[in-house]
Structures are given as C-alpha cells and as structure tokens.
Amino acid sequence: MHRIYMHPLPVRVWHWSNAVICVMLCLTGIQIRYVGLINLMPFRMVVAAHNWLGFLLIANTFIWLLFYLSSDRIRTYHSELNPIKLFRESVRQFVYYGYGIFKEAPNPFVASIYRKFNPPQSMTYQLIMLILLPIQCVTGILLWDLTRYARAVAFFGGVRVVDTVHVLIFIVFVFYIPFHAYLGTLGRTPMEHFKAMFTGYEESDEGESTDKAE
Amino acid sequence: MAAVAGMTAFASAGTLSKDEQQCLACHGSAGMEKQLASGETLSLHISGDTFAKSVHGAIGCAGCHSDIDPTGHPAANSSIGGKRSFSVARVQVCRGCHSEQFKEWDQSVHAALVSGGNPAAPICTSCHSPHAVIKGSSAAMDTVPCKACHGDIFTAYAASVHGVLRGSGVTQAPLCFSCHGAHGVRVPTAGAGLKNACFGCHTTALAAHRTWLPNTELHFDVVSCPACHAPKAQRRVDLVLYNNTTHKEASEPLGVPEFASRAGSPAARRRGLDPAMLFTLLQALNRSGIEDKTSFKGRLDVRTGVEAHELAPSAEAISDCNTCHRAGADAFQSVTISMAGPGGIPIRYGARKEILNSAFSINSIGGFYAIGGTRITFLDVLLVLALLGGIGAPAVHLTARLAVRRYTNRTRHKQRKG
C-alpha cells in the first residue's frame, strides 16, 4: 500500500471552500426563487448574501485556475483525445458502477497524480469547470446589476433569457452535488476519498509512493 | 326689452371701449341666442362685466372676432352647422396669439382625440371660457377645468397625499397640470410615463431608493411610481410593443393592422391571448422583409387612471419585496399587451396571466422578469426532477449495494457453515 500526494493544498482549499460556497449559493438561490415558500431570511438580505457568495465563488475559481495554470498537475484535466479509448474506458467505468461494484469487483480505474479522474469523471469536471461554471458566473454578474450590463443582457435576449440559463445551470448543480458526494463514498472505505481531500494523500495498491512529491 | 338689458350691460362695462360697448349693446342681452343647423341653440349672450374683468377684455371683441364686418353685422343668415364644429373651427383664432400653447395642444392626446372625432375631446374653449378667462383660475383646486371631464380621477386626487396638501394651502403640492402639463397633455403611460414629472419635485427619489432597493434603476424602468405609491391599487403588467431600432414604443402605422387583427382576434378575446398566440404574433410582426423589428417590454402599472392618483404618503408605500417577488403575487394576475395607436393612445388587449410564467414566453417577453413572481413553471418541474434524481439515484444505488452485500455475506456465512 502506497500513499500518493493526490490533492495539493491549493486544490484542497479550493475544493472545500467551493463546496461550502456552492451549497450556500444553492440554498440562497432556492429562497430567492421561492420567496414565500422558503423564508430563512429577509429577501433583501438573501439577495445580498447570494451576490456576495457569487463573487466569492468567482474569486475561488481563480485559485483553482491559477494553481493549475502554474502547475504540471494541469495534465489531470487533459482530455483523452482517442474517442474509442475514451468510449471503452467510460463504458468499463459505468459497468463497474452498475454491476461490478455490487460484486465487490476492483475499480477498473487506478488513479495517479497526473491522472486522478476516471473518464466519465474527467468529462463531467471539464463540462462543469470549463463551460457551466463560467456561464453561471457570467449570467450571475449580469443579473447582479442589470442596469450596468443592460446592453449585454439585451444582446443575450433579455433578462428572462439570462435568468433561464442561470436557473438551468443551477438545476444541473442541484442534481450534481448530492451525486458527487455519493460518488465520493465509493472508495475502499466510505470515508477514504473524504479523508484524502483533507490530508491530500490517497492510498493506492499500485505505483510508487509520492510522499515527498510536492 | 333687449335694448334695456343692453343698456344695463353697457353701463356696468365701464372699462370697455366704445367698440366693445357697441357689441354689448346687443350681445349683453340675456337670452340672446341663435338656432343652429344641427338643431342646437348657441347662446350669443356675453356678460359685459365678466368680459371686462377677463384677460381678454383688454383686446376687445375684435381681438378674436376680426372676421366680423360691423357694416354687415348682424349676419343672422350666416350658417353655423353645430356647436362642436363651430368651436373646433374657432381654435384657429386662439392660435393667433397663443401659438406656443396651441403647438403643445396640437401634439397632445387631447388633439389626437379631436382628430379621431371624439366629440368630448377638449379644445381651447372646453377649458377656457373665452369671455371669462381669469388669470390663475385654472390653477386652483376649485376651478381647475380638468375635473369637468376627469371627475372621478380628480376625486381620487383630492383624497391623495398631493390633493390633501394642495387643499390645505400648500401651493408646492401638485395640481393636474403640474404633472400632466397644461396643454401638451400626453398619454400618461407613454414612454417613461410620468416618472420625469415625479422626479421634477422628488429630485432625491433615485438616491433615496438606492439605499434599500436592489437594481433601483431597473425597478424605476419597469415599475411605475403609483404601482408602489398607491398601495391600495390593483396592479397589472402591460406588455408594450417596442421598436428595436428606435428603442421607443412601436406606433402606428407599424404593425397596427397585424397587431390588432391577431391580439384582438375573436379567439384571443374569448379566452385571452395565450403564450403560443403571443409567440405567433411576434413572429408575424418580425417576419422577413419587415425592416423595423419589434419586441415586448413589460411594465408594472396600476390598472386605472383613478388608481394612479390614489397616491399615499411615502411611509405607506409598498416596500416589502415579497409583495411582488413571490408566486401568485397580486401584481401578476392581470396582463395586457398594447401598442401605441394614433396620438400615442394605447391599443390594448387582455392577455392570459400564464404568459408571464410560460417557457413559450422566454423569447417573447425576454425583457420582463420578476424573480419569484414570474418564474417559469417548467423550470420548477425540472428542479424537482433534478432534486429527486440527485438524491434518489444515489439512494437507490446505495440501498442496492447494501442489500447485495447483506445477501452475499449471508450466502458466504451459510457456505462456511455448510
């Protein structure tokens, strides 16, 4: 059994603060959308809180972006360019989640410091971090000050269009967050991946120890 | 008898010149009148005393009646069709001296109504009795002429914060003309509505609202002042057709026939314009070949002119966000669509309130959205499905894993025992 330094400090800081911010954004967003149904705090306060949390999310995303742009760990986000290989490995992973895991078969994907995401996981993270999150941040900024960004809002088709896109991505996150947490429990022990995201170290049967890697 | 009455008028009109006194010798006779072709009776009696005191007394009779040839007068046989047509034709006389006021009136909604043949639309003499005009008489609550036609609105005004102040002698408090103008009266809902009139006195309104109202400018743009400051009024959303090129309200002749035929179609009138009809209407107005593209811009307003004048003290104004930003809010229960017709007078049709919550309307009314209040119902369904899927699918997977593990452990245990 080896210890691999899988999650450097900036990634861990970004991950957990992102988790807290995203959950709070979802909660405040739900109250903003369903005023009257959910009244955890006054409307004006919840709007202000949602705005501040949004800016924190943007700032936090820059921690993630700057770290990966300045580190060779960015390779972990490199796409698999061979579609056949990508398809085969994705199917294998889905078969594991849908069948193998019930038979206590080993996970077909073995993580390493430069390849820590399995193929479906990698595609999901790329979709979220490179497409959905930026769109969510941009639409959020537009909705934050509709007067200042009136021309941009009009360009995209109006406030209703911008808000619809913002809500659709929010719905995707509402689906994704509990799913993500559950998938985190599918290690060799339910808490293995959670602990790793605090300590930075994952345990692996394969490869060499990277105790001093960073 | 007429001569005696004339002499009485003559004697009391001391400040009038000889010429005027000559006119009043006949026209000062009470009961002097003329039968018109329409069958109406036109009074020709002028009170010399009142005329002398009026602002027009100084210019004398000939100031306005220069067309009368004293040598051929009285022209008893001259034909006057009817009171209204005679009065409408005579506004040109007023124009001679009051060209600025006439120009303003000519561009007003009142003039547009006159052009449209509305027999009740006001012309100069409707508000200003030409032989009895007293300076300042239109600026007093008791004598302001607007209430002759807009009596119900004036009653609402008189009971409002503005009317109460004015009535108590505060002359800074507005009267009708302060907001609407005296002659250039426009359609109150046109363009920015009367917001600029409000800001004329309430100069710090924007700054004051900014201290507590998020997206203040946007609220000011889409919510009329009375929508919040007349708290007892019923509100409605008016979706106004806008010209995307000029960024102004689309007006005649642009699309009026198309708009009227579709929005006012029997089906739309019967069950209200629904989201699909609105979508089709906009498609038709923006079909290829049409140069000026249009879109709908929403505005939250009160339903009637009377309600627009029921302004309360600012402490009573609506400031609770939840009033509008929640599902089923009163503000979004009534919807109309409109475009500016002749003279800016809105051509307005009722629409179904579902327009505000339909996914079909995302493009049609892309510029109008109130968080919570006009949210799209379809997205609510998607959110519930996402929540069920996001929590339910892992729950099912976890349950299946635990069940399989338990079954496997039990089987292994039995195998070991066996």
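No experiment lies behind these values; they were computed from the predicted model shown.

Enquirer: Just to check I follow, could you spell out the overall build of chain A for this structure?
Expert: In terms of helices and strands, chain A carries seven helices and two strands. Listed N to C, the secondary structure of chain A is β-α-α-α-α-α-α-α-β in terms of helices and strands. Seen through its principal axes, chain A has C-alpha atoms that stretch 55 × 35 × 35 Å. Looking at the 214 residues of chain A, the share that counts as buried comes to 21%. Looking at chain A alone, contacts between residues at least 24 apart form 73% of all its contacts between residues at least 6 apart.

Enquirer: Would you explain helix α6 (residues 159-183) of chain A in this entry?
Expert: Every α-helical turn comprises 3.6 residues, leaving residues that sit three or four positions apart pointing alike. Spanning 25 residues, α6(A) covers 36 Å between terminal C-alpha atoms, matching the ideal 36 Å at 1.5 Å per step. A:V159, A:R160, A:V162, A:D163, A:T164, A:V167, A:F170, A:F173, A:V174 and A:F175 are the residues of α6(A) that are buried.

Enquirer: For this particular structure, what's the right way to read the interface of chain A and chain B?
Expert: In many analyses, interface size is given as the accessible surface area lost on bringing the parts together. Facing 29 residues of chain A, the contacting portion of chain B comprises 34 residues. Those elements giving two or more residues to the side of chain A that touches chain B turn out to be α1 (9-33), α2 (43-69) and α6 of chain A. The element best represented in the side of chain A that touches chain B is α6(A), accounting for 14 residues. Looking at the side of chain A that touches chain B residue by residue, the class counts come to 19 nonpolar, five polar and five charged.

Enquirer: When you look at the nonpolar core in this model, what are you seeing that I'm missing?
Expert: Generally speaking, a soluble globular protein has its nonpolar side chains buried in company with each other. Residue and element names in this part refer to chain B. L239, A263, L273, L278, I337 and A351 are the most contacted members of the largest nonpolar core, which totals 48 residues. In terms of residue count, the dominant contributor to this core is helix α17 (residues 275-285) (five residues). In this view, I337 contacts L239, A263, L273, F296, Y349 and A351; residues no more than four positions away in its chain are not counted.

Enquirer: What's the story with the environment of B:G373 in this structure? I'm lost.
Expert: Residue and element names in this part refer to chain B. Mapping G373 onto the fold places it in the loop between α19 (361-364) and α20 (377-417). It is 20 Å that separates the C-alpha atoms of G373 and W212, two residues lying 161 residues apart in sequence. If near-sequence neighbours (up to four positions away) are discounted, G373 is found in contact with C324, H325, R326, A329, A331 and F332.

Enquirer: Looking at this model, I keep getting lost on unusual backbone geometry. Mind explaining?
Expert: Even without being glycine, A:E104 reaches a positive phi, approximately 60°. A:E104 sits in the exposed class, given 10 other C-beta atoms within 10 Å. Positive phi is not limited to glycine here, since B:N215 has a value of about 50°. Position of B:N215 relative to the elements: it lies in the loop between α12 (205-210) and α13 (216-222). The class of B:N215 is partly exposed, set by 19 C-beta atoms lying within 10 Å.

Enquirer: Before we go on, may I ask you to explain the packing of α1(A) against α6(A) in this structure?
Expert: When two helices pack together, their arrangement is given by the angle between their axes and by how far apart the axes lie. Residue and element names in this part refer to chain A. Where α1 meets α6, the axes come as close as 11 Å, and the angle between the chain directions of the two elements is 125°. In terms of their interaxial angle, α1 and α6 are classed as oblique. Judged by the sense of rotation from one axis to the other, the crossing of α1 with α6 is left-handed. Contacts between α1 and α6 involve C22, V23, C26 and G29 from the first element and F170, F173, V174 and I177 from the second. Taken together, the residues that form the contact of α1 with α6 break down as seven nonpolar, one polar and no charged.

Enquirer: Would you mind going over the pairing of strand β6 (residues 335-340) of chain B with me for this structure?
Expert: Here is the key point about a regular strand: its side chains alternate between the two faces of the sheet. Residues and elements named next belong to chain B. Of all six residues in β6, five are buried; the element is thus mostly enclosed. When strand β3 (residues 235-243) meets β6, the two strands line up parallel, connected through four bridges. Within β6, the residue paired with D238 across the bridge is T336. Remark: five residues form the turn of the hairpin made by β6 and strand β7 (residues 346-351), two consecutive strands paired antiparallel; G343 in that turn has positive phi of roughly 70°.

Enquirer: It is not clear to me how the packing of helix α4 (residues 119-144) of chain A against α6(A) should be interpreted in this structure. Could you clarify?
Expert: Residues and elements named next belong to chain A. Packing of α4 against α6 brings their axes to within 9 Å, and their N-to-C directions diverge by 140°. On the basis of the axis angle, α4 is oblique to α6. Read as a crossing pair, α4 and α6 show a hand that is left-handed. Across the interface between the two elements, L132, I135, Q136, T139, G140, L142 and L143 from α4 touch V162, D163, V165, H166, I169 and V172 from α6. For the contact of α4 with α6, the residue count by class is eight nonpolar, four polar and one charged.

What counts as what
Residues numbered from 1 in each chain as written. Chains lettered and ligands numbered in written order. Predicted model: local features only at pLDDT ≥ 70, side-chain atom pairs only at ≥ 80, totals over all residues. Helix = DSSP H or I, 4+ residues; strand = E, 2+ residues; numbered from the N terminus. Buried ≥ 20, exposed ≤ 12 C-beta atoms within 10 Å, placed from the backbone. Contact = placed C-beta atoms within 7 Å. Expected span 1.5 Å × (residues − 1). Nonpolar A, V, L, I, M, F, W, Y, C, P; charged D, E, K, R; others polar. Core = buried A, V, L, I, M, F, W, Y, C linked by C-beta atoms within 7 Å. Axes fitted to C-alpha atoms, helices over the stretch in contact; angles between N-to-C directions. Parallel < 35°, antiparallel > 145°, perpendicular 65-115°, else oblique. Left-handed = near helix turned anticlockwise from the far one by under 90°. Pairing = 2+ DSSP bridges.

All we've got here are geometric facts, nothing functional implied.
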